[in-house]
Amino acid sequence: MMRDSFSTFHPIINFTYFIAVIVFSMFFMHPAFQGIAFISAFTYSLMIKGKSGLKFNILYMLPMLLFMAMINPAFNHAGVTILFYLKSGNPITFESIIYGISAAFMFITVILWFSCYNSVMTSDKFIYLFGRVIPALSLIFSMVLRFVPRYIEQIKVISNAQKCIGRDISQGNIIKRAKNGIKILSIMATWALENAIETADSMKSRGYGLPGRTSFSIFRFDNRDKVIFGVMIGLIGIVLVGAAMGQNTIRFFPSIKIVNITVFSVLIYISYFILCMIPVIINIQEAIKWKHIESRI
Amino acid sequence: MRKKKIQLTLFIMAILTIAFFGGGNKEVVPLSMEQMEKDAGIVEDTSPSNNDISIEANEKNEDIRDIENSEKEESKLQGDLVKESEEESLGLEIDSEKKYIDKKDNDKKADKQKEIKREQTNKIETKEENAKKGKNEKAKIIAQDKKNIDEKDKYLTDPVPEGKPEPVEWQDITINKENTLTATLSVTCKTILNNMHLFNMDKLEVLPEDGIIYATKKVVFYEGESVFDVLLREMQENKIHMEFVMTPIYNSNYIAGINNIYEFDCGELSGWMYRVNGWFPNYGASRYQLQDGDKIEWIYTCDLGRDIGGDWAVTGGEE
């Protein structure tokens, strides 16, 4: 696991990057694009999360991928290449299998991108960007995104406290355990309601959403940010030109058809690859720089 | 603030109006008489009363087609619908029937030369009449539907007209494999050729040039089998793609697509319908038990059956 220096850039760069890659990997089903997006998302998630990221990918993402690839041909029978017939009489086609695999890859890629998004775009960054434009919505959004991890933490705290007086779900017979579990949940719900009101009150008393209020963190849009932002906008432009020319999509039904690969399409693939790999490139470059400085000392 | 809001509302309304009036050409051209006749070519032994009805329907369709043709001509003269003319030429290219082309050409010339003014007035009148008729018919159908609500069977099928076979439930039928009978089967989608402007262009490669997916052929079936059973077996044997879905509420299989031409591929009112001995049943294909010598036709519609003369089955009950 290495230090992620992409997240030290200005929030607007992080946000633009993630919006671009997530939207692109959702809409561009061309195999080359999907491959590029998947490889980049996978590499970046490994870079940010290290071993736990790998474990998550193999334990949850791989079975999900297989499941989703299998489920599509069971319900979708379109396509000209009939491989065999189901017992009911409906055909299984080559196109529907390929479409299933492709859709599964797309799904996994987007999930990976979102897991990277969550660790890079912290809630203070999000509120820095949108706190003035849409104060209420951005607060709700950042609170919602924090819901699950926060509740899990709090449940652990409550459960540990209950353990001290012998009332945890791991203590007693089965009926008692169930009772204890419900008790913990009720404490949890009480805390959640109270906490929500307290947060709202405290935000209000500190003047959240009023004009002239500053953010918790202060970011500066310096030269480094300008360069990266310019490069990113240029790459996004090239990819969008490719999309307008129909280079980025694939037709699955009734037969698979993709646009012929030309020099221009290779150029688009390369720019998409660089766009997706921006954080990885920045991190590697930063690591090399660090090593260099270290060796000089 | 209020001014801005009003401006915004006006803007949205303007966009909606533009979308409503300029939302592309959705008119459906029905099958011509020749095309229909060619469909029904071989079998002559359908009941006479039935034939009369179908001919009447054909004539009606013909009238509507003429009117539509003249409309098209006019719009061409005005020169504001370039797209349509393109599609027409496309349709002509694909259409293999010379007769049809000739007729169309004749129609056009005639329309051009003959008194356009009179046509116009006529058209307006007929349009109004049609609108009135349509309204009346709609009201009638709704009233009848309400009246029939108690008469429907448990699978929501309206009463079948006299002399037509009643639906049977496929669960109750035992197929007698020893007794083989014959029927004729055909699968066509000619109405798409008239409505290329509605067709999903991705599917162009699976559309046969003459609109015939499975030419009329004698097929063997076992006693007790349904229209659906025959279609499924023949499509599998001939390696023609076909997808269906069981619909429990109508207790029948619904044919979603044949030869990769699916429902909704030619406008939102399109899909597959079936006709046995010249009649479009108002119940599903799995519930129609075949008799010896039956003539089965699977026909693609772009307009809920109105373009192929089978709208009764749809307005009376769901396919």
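Predicted model, so just to flag it, every value in this text is computed and none were measured. Along each chain, residues carry numbers from 1 onward, in the same order as the chain's sequence is written. Written order decides the labels, with chains lettered from A and ligands numbered from 1. It should be noted that, the model being predicted, local features are given only for residues of pLDDT at least 70 and side-chain atom pairs only at 80 or more, the latter also being counted only at that level, while totals for whole chains, interfaces and linings use all residues.

## Here we look at the environment of Lys217(B)
Thinking step 1. Secondary structure counts use DSSP, requiring at least four H or I residues in a row for a helix and at least two E residues in a row for a strand, with both numbered from the N terminus. Here Lys217(B) is to be found in strand E2 (residues 212-223).
Thinking step 2. Any two residues are considered in contact once their C-beta atoms, placed from the backbone, lie within 7 Å. Residues in contact with Lys217(B), not counting those within four places in the same chain, are Thr184(B) and Leu185(B).

## Considerations on the UniProt feature "transmembrane region" (unreviewed entry) in chain A
Residue and element names in this part refer to chain A.
Thinking step 1. Per the UniProt entry, the sites bearing "transmembrane region" (unreviewed entry) are residues 12-38, 58-85, 97-114, 126-148, 227-246 and 258-282 in this numbering.
Thinking step 2. Between the C-alpha atoms that bound residues 227-246 there is a distance of 29 Å. The span itself is 90% helix and 0% strand.
Thinking step 3. For residues 258-282, the helix share is 80%, the strand share is 4%, and the end-to-end C-alpha distance is 33 Å. UniProt positions are given in the numbering used here, feature names are shortened, and annotations may be inferred rather than shown by experiment.

## Considering the UniProt feature "domain: Transcobalamin-like C-terminal" (unreviewed entry) in chain B
Thinking step 1. As recorded in UniProt, the feature "domain: Transcobalamin-like C-terminal" (unreviewed entry) lies at residues 224-301 of chain B.
Thinking step 2. Within residues 224-301 of chain B, the helical portion is 14% and the strand portion 36%, while the C-alpha atoms at the span's ends are 28 Å from each other.

## Points about the pairing of strand E1 (residues 82-85) of chain A
Thinking step 1. In this scheme, strands are said to pair when DSSP sees at least two bridges between them. Inspection of the sheet shows E1(A) paired to strand E2 (residues 91-93) of chain A by 3 bridges, in the antiparallel sense. Its bridge partner lying in E2(A), Ile82(A) is registered against Thr93(A).

## Side note on the interface of chain A and chain B
The figure often quoted for interface size is the accessible area lost as the parts come together.
Thinking step 1. Between chain A and chain B, the contact holds 11 residues from the first and 13 residues from the second.
Thinking step 2. Partitioned by chemical class, the residues of the side of chain A that touches chain B number 6 nonpolar, 4 polar and 1 charged. Side-chain classes are defined by residue name, with Ala, Val, Leu, Ile, Met, Phe, Trp, Tyr, Cys and Pro counting as nonpolar, Asp, Glu, Lys and Arg as charged, and the others, Gly among them, as polar.

## Digging into the packing of helix H5 (residues 123-130) of chain A against helix H6 (residues 135-164) of chain A
Residue and element names in this part refer to chain A.
Thinking step 1. Here an angle of 0 to 180 degrees is reported between the N-to-C directions of two axes, which are lines fitted to C-alpha atoms, with helices fitted over the stretch in contact. At a closest axis distance of 9 Å, the pairing of H5 and H6 adopts a crossing angle of 165°. Relative to H6, the element H5 is oriented roughly antiparallel. Seen along the crossing, H5 lies across H6 with a hand that is right-handed. In this structure, H5 contributes Ser123, Phe126, Ile127 and Phe130 to the contact, and H6 contributes Ser138, Leu139, Phe141, Ser142, Leu145 and Arg146.
Thinking step 2. A breakdown of the residues in the contact of H5 with H6 according to their chemical character gives 6 nonpolar, 3 polar and 1 charged. For classification, angles of less than 35 degrees are called roughly parallel, those exceeding 145 degrees roughly antiparallel, those between 65 and 115 degrees roughly perpendicular, and all remaining angles oblique. Each crossing gets its hand from how the near helix is turned against the far one by less than a right angle, where anticlockwise is left-handed and clockwise is right-handed.

## Some thoughts on the pairing of strand E7 (residues 295-301) of chain B
Residue and element names in this part refer to chain B.
Thinking step 1. For E7, the buried fraction is high: 6 of the 7 residues fall into the buried class.
Thinking step 2. Here strand E6 (residues 271-276) runs beside E7; their pairing, made up of 6 bridges, is antiparallel. Across the sheet, the residue bridging to tyrosine 274 is tryptophan 298, located in E7. For the exposure call, what matters is how many other C-beta atoms sit within 10 Å of a residue's own: 20 or more marks it buried, 12 or fewer exposed, and in between partly exposed, using C-beta atoms placed from the backbone.

## Examining helix H2 (residues 31-49) of chain A
Residue and element names in this part refer to chain A.
Thinking step 1. Each helix should span, by expectation, one fewer than its residue count multiplied by 1.5 Å. Taking 1.5 Å of rise per residue, the 19 residues of H2 would be expected to cover 27 Å, and the 27 Å separating its terminal C-alpha atoms lies within 8% of that figure.
Thinking step 2. Restricting attention to buried positions, one finds in H2 the residues Phe33, Gln34, Ile36, Ala37, Ser40, Ala41, Tyr44, Ser45, Met47 and Ile48.
Thinking step 3. In this structure, the buried side of H2 is in contact with helix H1 (11-27), helix H3 (51-75), helix H4 (94-120) and helix H9 (263-296).

## A few points about the nonpolar core
Thinking step 1. Think of a nonpolar core as buried Ala, Val, Leu, Ile, Met, Phe, Trp, Tyr and Cys residues, each tied to the set through C-beta atoms within 7 Å. Counting residues in each nonpolar core, the largest one holds 45 residues, and the members touching the most others are Ile192(B), Val227(B), Val230(B), Leu231(B) and Ile258(B).
Thinking step 2. Sorting elements by how many residues they give to this core places helix H8 (residues 227-237) of chain B first, with 6 residues.
Thinking step 3. Ignoring anything within four residues of it in the chain, the contact list for Leu231(B) reads Ala285(B) and Trp298(B).
Thinking step 4. Core analysis: the next-biggest nonpolar cluster, separate from the first, contains 32 residues, Ala20(A), Phe28(A), Trp113(A) and Val120(A) among them.

## Notes on the sheet that holds strand E3 (residues 242-247) of chain B
Residues and elements named next belong to chain B.
Thinking step 1. Ordered by their spatial adjacency, 3 strands build an open sheet running E3-E4-E5, and the pairing between neighbours is antiparallel. The open sheet has two free edges, formed respectively by E3 and strand E5 (261-262), since each of these has just one partner strand.
Thinking step 2. Here 2 bridges tie strand E4 (residues 252-258) to E5, and the two strands are oriented antiparallel to one another. Residue pairing across strands places isoleucine 258 opposite isoleucine 261, the latter belonging to E5.

## Let's talk about unusual backbone geometry
Thinking step 1. Omega for the bond connecting Phe253(A) with Pro254(A) falls within 30 degrees of zero, at 0°, which places this linkage in the cis form.
Thinking step 2. Mapped onto the elements, Pro254(A) comes out in the loop between strand E3 (250-251) and strand E4 (257-258).
Thinking step 3. Positioned with a positive phi, Asn259(B) is a non-glycine residue whose angle comes to about 55°.
Thinking step 4. You can see Asn259(B) is positioned in the loop between E4 and E5.

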